[in-house]
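Single-letter residue listing:
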Amino acid sequence: MSVATAARYDFPGGVVLPPVRGAAAEAAIVAAGLPARLVLPLQQHIGTPSVAIVTAGERVLKGQLIARSGSEVGMHVHASTSGTVAGVGAHPIAHPGAVSVPAIILDADGEDRRAEPLAPIDWVAVTPQEVQLRIAAAGVVGLGGAGFPTHMKVREGIGAAVHTLIINGVECEPGVSADERLLRERTREVLAGARILAHAVQARRCILAVKRNPAVEAALAATADAAVAVVAVPASYPAGGEKQLILALTGIEVPSAGLPIHAGILMYNVATAAAVQRAVVHGEPLISRVVTVAGAVRRPGNFDVAIGTPVAHLLDAAGGLTDPGAVIVAGGPMMGVRVHDVRVPVTKPVNAVLALADAAMPVPALPCIRCGRCVNVCPVRLQPQALYAQARAGNLDAAQDLHLFDCIECGCCAYVCPSGIPLVHYYRYAKGEIDALDRAAARAQDARQRFEIRAARALGDDDGPVDDNGSGASSDDRRAYVAAAIERVRSRRAAAGPEPAGGDDGGT
Ligand code: SF4
Ligand code: SF4
């Protein structure tokens, strides 16, 4: 394999970040060992929560299905080791809102006994749909941090004329080296996963994107694979962002609110590719992943971690904290989530646990001086200072007009802001408010429709296209029927005159 032609294009903005002290890039992957208790949240992915199919007291084997996908956009969860289900209940997770979610609590028996794996698949001989079903059965999600169900992305790609498949090995947050170690130590797994994904989505070409790194390039050069072109990109941040990397590799700018698939492109993380290889070739569900533990710990390292392992166990595996005041972050220092409780588990998308001794403590922000630095570094060409002003004032429509939802929350703007304004907090808050308003509006609309249907039926208008489930009628039919029914209700009430005091009961 000829390694690393340089990326031909660049993306706007971005910053060059200093390294994290206590990096782990030179530490080979080792097993983190099993904790006594694992916590497997039913929501470890983007989509609907999984549904537990085990109950307290049940014994399970490693790799056994313990929670089913709740819908098409759901995800299976498997036991990461053998043991006994202690219960299913709320447990804190790493989340910006420090929330608790339903989780299966599993007490390990220490035997690590495996369930029968799925049968291996000869992926060259089967259809793309069969590969997609296997990926779904194995519970594989995007391991680069997003947690989007991988089988959904494959399904998007099947029949969609994908011209370029990108395997993203550009780990651009400092201190995180899990993907680098995979590329150096499990090169064949990653490349095989890339070929399987390329087959599944029938991609015309496959690019493996990496950071400029002699050790990674040497590992790839030693593993000839003509089907995968390796391209190196500069180590600026956020070079590994989806749209930024697509632009750097192909010159194609995915439009605002557009998806890569609309431009004939799909992207998966290198760890996802390796998980796909294990699912398809070995029949293994996704029950472990590589996690970097670095920063203020005694032995920074890259660990093979059973999904559901508490952060506290990982910190112990890394020798414990060297600074008890360090800020613990799940993920990288820029986009990671602060961990307030070390009982939170490593979930499928968590690629790092960093202990940041030198994390800037929040200080009161100063007013915006309109210096424009944030504008210069925004990789999405937004106006961060204007977005901030609108979000802060609660002008949510104006914030949306400024493309709030194109913000990838990379934090470049806040990183360079001389006034120390926590800009990303404002964007997250505004997005959360808009989502909450949208959900409330949808609930109100549902409630109004249900009321109108009941009102229409109470007056004997229960013939028509509407049934209890809304099935058998298109939404347009349903709306038209409801509107007509309501109009009839109003006319009859007007014809009957004013209602007696006491309402419909007649005061009896
Ligand atoms: S960098 Fe900070 S101070 Fe400068 S314009 Fe942006 S928000 Fe204002
Ligand atoms: S956090 Fe959002 S606004 Fe700030 S630089 Fe990144 S994309 Fe631009």
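Small disclaimer: the values here were computed from a predicted structure and weren't measured.

Novice: An account of the nonpolar core is needed here, citing residue identities and associated values.
Specialist: Formed by 48 residues in total, the largest nonpolar core has its most connected members in L165, I167, L197 and L208. Here this core gets eight residues from one element, more than from any other, and that element is helix α7 (residues 270-281). What L208 contacts, discounting residues up to four positions off in sequence, is I167, L183, L191, L220, V228, A229, V230, V231 and V270. Formed by 20 residues, the second largest nonpolar core is a distinct cluster that contains F303, L314, I328 and A330.

Novice: Describe unusual backbone geometry, with residues and values.
Specialist: The amide bond that connects Y237 to the next residue, P238, takes the cis arrangement and shows omega of 5°. Phi at A161 is positive, roughly 55°, even though this residue is not glycine. Within the secondary structure, A161 is located in the loop between α2 (150-157) and β10 (164-169). Note on A161: relative accessible area 58%, which makes it exposed. Phi is positive for E409, close to 60°, though the residue is something other than glycine. By the element assignment, E409 lies in the loop between α11 (396-401) and α12 (412-416).

Novice: Residue-level account of the pattern of salt bridges, with values.
Specialist: Scanning all chains against the criterion turns up 18 salt bridges. The salt bridge involving R181 is made with E185; its shortest N-O contact spans 2.8 Å. You can see R181 and its partner E185 sitting in helix α3 (residues 178-185), four residues apart, about one turn around the helix. Note on R181: relative accessible area 6%, which makes it buried. Three or more residues are tied together by salt bridges with common partners; here these are R59, D109, E111 and R113.

Novice: How would you sum up the pairing of strand β13 (residues 265-269)? Please name residues and give values.
Specialist: Buried residues dominate β13, accounting for five of its five residues. Residues of β13 alternate between two faces, with I265, M267 and N269 on one and L266 and Y268 on the opposite face, all of them buried. Relative to β13, β10 is paired through five bridges, and the arrangement is parallel. Bridge pairing links I167 to Y268 in β13.

Rules and cut-offs
- Residues numbered from 1 in each chain as written.
- Chains lettered and ligands numbered in written order.
- Predicted model: local features only at pLDDT ≥ 70, side-chain atom pairs only at ≥ 80, totals over all residues.
- Heavy atoms only, no water.
- Core = buried A, V, L, I, M, F, W, Y, C linked by side-chain atoms within 4.5 Å.
- Buried < 20%, exposed > 50% of the residue type's maximum accessible area, 1.4 Å probe, protein only.
- Helix = DSSP H or I, 4+ residues; strand = E, 2+ residues; numbered from the N terminus.
- Contact = heavy atoms within 4.5 Å.
- Salt bridge = Lys/Arg side-chain N within 4 Å of Asp/Glu carboxyl O.
- Pairing = 2+ DSSP bridges.

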